[in-house]
Amino acid sequence: MWKNVKALDSGAKIIDLFENDANRAGDFSVDALDMLFDYSKTSITEKARAALIDLANAAGVTAKRNAMFVGEKINETEGRAVLHTALRNLGGDPVVVDGADVMPEIHKTLDRMAQFSEDIRRGVFKGQGGAITDVVNIGIGGSDLGPAMATLALAPYQDGPNVHYVSNVDGAHIADTLRGLVATTTLVVVASKTFTTIETMTNARTAMAWMSETVTDPASQFAALSTAEDKTAAFGIPASRVFGFEDWVGGRYSLWGPIGFGIMIAVGNDAFRAFLRGAEAMDRHFQYADFMDNLPVMLALVGIWHNQICGHATRAVLPYDQRLMRLPAYLQQLEMESNGKSVQMDGSDVAVHTGPVVWGEPGTNGQHAFYQLIHQGSRVVPCEFLLAAEGHEADLVHQHQLLSANCLAQSEALMTGRSINVARDLMAAKGLVGDELERQARHRVFPGNRPSTTLLYPKLTPEVLGQIIALYEHRVFVEGVILGINSYDQWGVELGKELATALQPIVEGREAADDKDGSTRALVKYLQTRSV
């Protein structure tokens, strides 16, 4: 399946493709949902695109997509459906799992969340010291990255209590977060589906101890995002403040439901529902648009082209939007935990490399950090730029225009580069001659022909943010189907957890490290001899 597509990587120069096709920018872009996805600054030709679409068809993307939306158990290694899309199915079309429509319970939970969040925001639900001023969400991974990213992204819409996110078991994280907060006006939300996640529960107990210092009934200022009501009850949290979700919602796909409670508290129910509507609109587009006009499909096929066909092992996500500063970290988890696999659904080895290394920072900060490597390094790094047409700061339009100019300039520079002859002319203009001119000129050459895509959107509103996140979710799905892997399990995180549990009593000195390797024994010894 891969052989024919790989043969299409002709090494064509991107700038030449523009010279040979005056309409390339329009022909190699998707305009949908008021977004513009431009992939013309890649080496994909019409022939290559057709082959990529054939690849998607041969892999059964359509059938798998349809199976996902109707609740079939496409997470085969865990025997689960994959229905994060149901959490934003505001239209309420039935979605059946094991013979039962799951939508009534989803909408009931959403309504409960809305009622409790409004009680918090309006001061109806109070702490011992009065109205809630701060909310601390304690989670990790999917119970943290998504809502933390989205809450920051929607800062212009925040009119509720301050929402803080704690994830790392490093005591510094929760200590720094709680420092300066007033316990009597703080609500702690513990986000753990099983209520057993060791990092989350360790931080939750620390928060409970902190709260107990000044609050008579500290559990009265706790809520939980969990399905384990027996454990939340044992922690002292009543069922009325527990919001659960089913096992067909994966952690890294869960911000649309109870795990997004912190977002709802920050921006309110109306804005949160607009966020869901944006994702729902992307769902419908993904379901019904032809592949060549389908935003998630074409974003995925560009990713397949760069990683599996061209052999570029990394992908830089570069939002020119400060409020999306956590989007690259969120996509690290979404893409690398989903598609960082080496075994296909049938248990056989994957024939190609799978997920790329995803990383990035917002522009223009990155320009003064790692863009040097992107422009002149010896490895090609495909770049994905994101940019809004309009910012939120009406009095700072000139700064947004400068931001936009920088974004467009970077993608242009990556493609066009700078030739040795142009560099020589620059050095000659500075008065250099001979060997010194040549030496200095070579340092100023930009290879160019480096691929990038650009996603433009009107403004970072709740609806648009929902569209962007859902776009990337479906991109991961399409890439996973083409690779033949299960994007919805994460067995790779299990071994480290198991070993950490076994190592804790050794580090604490309660057990010997005799059965550990020499390196681990030496590291434990160092820690024990130098800790207080």
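Residues numbered from 1 in each chain as written. Predicted model: local features only at pLDDT ≥ 70, side-chain atom pairs only at ≥ 80, totals over all residues. Heavy atoms only, no water.

Trainee: Help me out: how do you make sense of the sheet that holds strand β12 (residues 314-320) in this one?
Mentor: Pairing between the strands of a sheet is mediated by backbone hydrogen bonds and can be parallel or antiparallel. The strand order across the open sheet built from six strands is β1-β2-β15-β14-β12-β13, with neighbouring strands paired in mixed fashion. Two strands in the sheet have a free side with no partner beyond their single neighbour: β1 (29-32) and β13 (357-359). Mean inter-strand twist for the sheet, computed between neighbouring axes without regard to direction, equals 15°. Where β12 lies against strand β14 (residues 383-388), five bridges are found, and the strand directions are parallel. Counted as the bridge partner of Val317 is Glu384 from β14. Along the sheet, helix α13 (residues 295-309) makes contact with β1, β2 (35-38), β12, β14 and β15 (452-457), crossing β2 at roughly 20°. (Pairing = 2+ DSSP bridges. Helix = DSSP H or I, 4+ residues; strand = E, 2+ residues; numbered from the N terminus. Axes fitted to C-alpha atoms, helices over the stretch in contact; angles between N-to-C directions. Contact = heavy atoms within 4.5 Å.)

Trainee: Just to check I follow, could you spell out the sheet that holds strand β7 (residues 134-138) for this structure?
Mentor: An order of β8-β7-β9-β10-β11 is seen for the five strands of this open sheet, with the pairing classed as parallel. Edge positions in the open sheet fall to β8 (162-166) and β11 (242-243), since each of these has one partner strand only. Where β7 meets strand β9 (residues 186-191), five bridges bridge the pair, whose relative direction is parallel. Considered in β9, the bridge of Ile138 is made with Val190. Those strands touched by helix α9 (residues 198-212) are β7, β8, β9 and β10 (222-225), and its axis lies near 160° from that of β9.

Trainee: Any chance you could explain helix α16 (residues 397-416) here in plain terms?
Mentor: Residues spaced three or four apart along an α-helix face the same direction, because each turn holds 3.6 residues. End to end, α16 covers 28 Å across 20 residues, agreeing with the expected 28 Å (1.5 Å per residue, within 8%). Within α16 the residues assigned to the buried category are His400, Leu403, Ser404, Cys407, Gln410, Ser411, Leu414 and Met415. Buried residues in α16, looked at end-on, bunch into an arc of 135°, giving them a common side. Residues His398, Gln401 and Leu402 are exposed on α16 and point more than 90 degrees away from its buried face. Close packing links the buried residues of α16 with α2 (14-20), β12, α15 (371-376), β14 and β15. Directly after α16, the chain includes Gly417, whose backbone phi takes a positive value near 65°. (Expected span 1.5 Å × (residues − 1). Buried < 20%, exposed > 50% of the residue type's maximum accessible area, 1.4 Å probe, protein only. Arc of directions from axis to C-beta.)

Trainee: What am I meant to see in α9 here?
Mentor: Counted at 1.5 Å a residue, the expected span for α9 with its 15 residues is 21 Å, and the 21 Å between its end C-alpha atoms agrees. Residues of α9 that are buried make contact with β7, β8, α8 (171-178), β9 and β10.

Trainee: Mind showing me how you'd approach the layout of surface pockets here?
Mentor: If you roll a probe as big as a water molecule over the atoms, it shows you where there is empty space left. For the largest pocket, the calculated volume is near 1,200 Å³. For the largest pocket, the lining is made up of 40 residues, of which Thr197, Gln490, Val493, Glu494 and Lys497 are closest to its centre. Secondary structure elements with two or more residues in the lining of the largest pocket: α9, α14 (327-339) and α20 (494-507). What the second largest pocket holds in volume is close to 600 Å³. Gly391, Glu393, Gln399, His400 and Leu403 are, among the 25 residues lining the second largest pocket, the residues nearest its centre. Broken down by element, the residue count for the lining of the second largest pocket peaks at eight residues, all from α16. (1 Å grid on protein atoms, 1.4 Å probe; cavity = no way out; pocket = protein on both sides within 12 Å on 5 of 7 lines; lining within 4 Å. Points joined across faces, edges and corners; volume = space filled by probe spheres on them.)

Trainee: What is the right way to read unusual backbone geometry from this model?
Mentor: Among all residues save glycine, negative phi is the norm, and among peptide bonds the norm is trans. Here the residue pair Gly363 and Thr364 is connected by a cis peptide bond, since its omega of 10° sits within 30 degrees of zero. With respect to the helices and strands, the residue Thr364 is situated in the loop between β13 and α15. The backbone of Asp34 shows a phi angle near 65°, a positive value even though the residue is not glycine. Along the chain, Asp34 turns up in the loop between β1 and β2. Positive phi, close to 50°, is recorded for Asp98, a residue that is not glycine. Of note, Asp98 is situated in the loop between β3 (96-97) and β4 (100-101). Overall, the relative accessible area of 65% leaves Asp98 in the exposed class.

Trainee: For this particular structure, what's the right way to read the packing of α20 against helix α21 (residues 518-530)?
Mentor: Packed helices, taken two at a time, are described by the angle between their axes plus the distance between the axes. For the pair α20 and α21, interaxial distance at closest approach is 10 Å and the crossing angle is 45°. Judged by the angle between their axes, α20 and α21 are oblique. Considering the relative orientation of α20 and α21, their crossing is right-handed. Packed against α20, whose contacting residues are Leu503, Ile506 and Val507, the element α21 presents Thr520, Val524 and Gln528 at the interface. Tallied by class, the residues present in the contact of α20 with α21 amount to four nonpolar, two polar and no charged. (Parallel < 35°, antiparallel > 145°, perpendicular 65-115°, else oblique. Left-handed = near helix turned anticlockwise from the far one by under 90°. Nonpolar A, V, L, I, M, F, W, Y, C, P; charged D, E, K, R; others polar.)

Trainee: Teacher, can you tell me more about the pairing of β15 here?
Mentor: In summary, the side chains of a regular strand alternate between the two faces of the sheet. Along β15, five of the six residues are buried, which leaves the element largely enclosed by surrounding structure. Inspection of the sheet shows β2 paired to β15 by three bridges, in the antiparallel sense. Each residue of the ladder has a partner; that of Leu36, found in β15, is Leu456. As paired strands, β14 and β15 are joined by six bridges and run parallel to one another. Each residue of the ladder has a partner; that of Leu386, found in β15, is Leu455.

Trainee: Mind showing me how you'd approach empty space enclosed by the protein here?
Mentor: Evaluated as defined, the whole model comprises three cavities of 30 Å³ or more. Of the volumes computed, that of the largest cavity is approximately 70 Å³. Every residue lining the largest cavity is counted, 13 residues in all, and those nearest its centre are Gly303, His306, Arg315, Pro382 and Glu384. Of all the secondary structure elements, the ones that give two or more residues to the lining of the largest cavity are α13, β12 and β14.

Trainee: What is the right way to look at the state of the cysteines in this model?
Mentor: Covalent bonding between the sulfur atoms of two cysteines is what defines a disulfide. Taken as a whole and judged by the stated rule, the model has zero disulfides. Take Cys383: it sits in no disulfide, and the sulfur closest to it among the cysteines is that of Cys407, at 10 Å. The class of Cys383 is buried, set by a relative accessible area of 2%. Take Cys407: its relative accessible area is 0%, and that puts it in the buried class. (Disulfide = S-S within 2.5 Å.)

Trainee: Help me understand the side chain of Arg315, please; the structure alone is not making it clear to me.
Mentor: Tracing the backbone through its elements, the reader meets Arg315 in strand β12. By relative accessible area, Arg315 is classed as buried at 4%. Here Glu335 takes part through its side chain, which lies 2.3 Å from a polar atom of the side chain of Arg315. Apart from the residues lying within four places of it in its own chain, the contact partners of Arg315 are Gly303, Glu335, Pro356, Val357, Val358, Trp359, Pro382, Glu384, Arg475 and Glu479. (Polar contact = N/O pair within 3.5 Å; in protein donor to acceptor, adjacent residues only side chain to side chain.)

Shape descriptors only; they carry no functional weight alone.
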